Amino acid sequence: MVITGAAILWFGWFGFNAGSALGASGLAASAFTVTQVAAAAAVLGWLIPEVIRHGKPTTIGAATGAVAGLVAITPAAGFVEPWAAIVIGLAAGFVCFLAVDTKARIGLDDSLDVVGVHLAGGVVGALLTGVLASTAVNELSGGATIGKQTIGVAVTLGFSFLATLLILKVVDLLVGLRVPEEDEITGLDLSQHAEVGYTLQERGGSPVHTGPVPSPGPDHERVEADSEVRR
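This is a predicted model, so every value here is computed, not measured.

A. Representation of the packing of aromatic side chains. The final tally for this structure, using the stated rule, is 3 aromatic pairs. Plain terms: the ring middles of Phe-14 and Phe-32 are 4.1 Å apart, the flat faces sit at 15° to each other, and that makes the pair stacked. With Phe-14 in helix α1 (residues 2–18) and Phe-32 in helix α2 (residues 26–54), the pair connects residues that are 18 residues apart, well separated along the chain. Owing to a relative accessible area of 11%, Phe-14 belongs among the buried residues under this scheme. Seen in terms of ring centroids, Trp-46 and Phe-97 are 5.4 Å apart; in terms of plane orientation they differ by 85°. Their pairing is edge-to-face.

Shown next as structure tokens:
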């Protein structure tokens, strides 16, 4: 499922980057090409340190590396040449691997690796755009300098932090930010939605789901049915 999702995301990203040219032009073709190249390079940028640190590559690591490359090349698509896309991809894969690995060690609650991949990869791509942008690809590339890109990254980080903090405060006042610990252990699929998120198949053919059954609620009959399946 992870690989399938990554493949669909990779395919869709061509429309995201090349489509920004708003036409079938040379600039669109360039953006399309560097999107592919950077994503492929980022897979290697992730897998190499993963093998060094953990002894073997993983398919989830490869998929995550590809997403890191797609994120990083987005600000640079339409501004850099293919060789520069390789540099951006390798750098993004490596940096994002370190960020995600650090997250696991410090206990950061980031289950989707938004900080480790999208934040870190976005910063890498935005900064390297200022270094590698080429007027041979886009005449507007002359305005992309490392100084301007750094200011842009800093402003974006500051705005995003303050806006997110405000949203969290409002949500916390209205409904709270987290469900009770018991509901987290049970799983939000059951405790909040009375649905089975993952159904596994036993050798005997009887489907089971993981996690305890929540206490009775509005959908008690549905949950009870799930409980019978589990038993």
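B. The arrangement of the side chain of Ser-141 in detail. Assignment of secondary structure puts Ser-141 in the loop between α5 (114–132) and α6 (146–174). In this structure the side chain of Ser-141 is engaged in a polar contact, spanning 3.5 Å, whose partner is the backbone oxygen of Phe-79.

C. Focus on the side chain of Ser-134. Residue position: Ser-134 is located in the loop between α5 and α6. According to the relative accessible area criterion, Ser-134 is buried, its value standing at 13%. If we ignore the near neighbours within four places in the chain, the residues touching Ser-134 are Phe-79, Glu-81 and Ser-141.

D. Region of interest: the packing of helix α3 (residues 59–73) against α5. Interhelical geometry of α3 versus α5 gives an angle of 45° and a closest axis separation of 7 Å. Judged on the interaxial angle alone, α5 and α3 are oblique. Our pair here, α3 against α5, has a crossing hand that is right-handed. Of α5, the residues touching α3 (which contributes Thr-64, Val-67, Ala-68, Val-71 and Ala-72) are Val-117, His-118, Gly-121, Gly-122 and Gly-125.

Basis of the calculations
- Residues numbered from 1 in each chain as written.
- Predicted model: local features only at pLDDT ≥ 70, side-chain atom pairs only at ≥ 80, totals over all residues.
- Heavy atoms only, no water.
- Phe/Tyr/Trp six-rings, centres within 6.5 Å; stacked < 30°, edge-to-face > 60°.
- Helix = DSSP H or I, 4+ residues; strand = E, 2+ residues; numbered from the N terminus.
- Buried < 20%, exposed > 50% of the residue type's maximum accessible area, 1.4 Å probe, protein only.
- Polar contact = N/O pair within 3.5 Å; in protein donor to acceptor, adjacent residues only side chain to side chain.
- Contact = heavy atoms within 4.5 Å.
- Axes fitted to C-alpha atoms, helices over the stretch in contact; angles between N-to-C directions.
- Parallel < 35°, antiparallel > 145°, perpendicular 65-115°, else oblique.
- Left-handed = near helix turned anticlockwise from the far one by under 90°.

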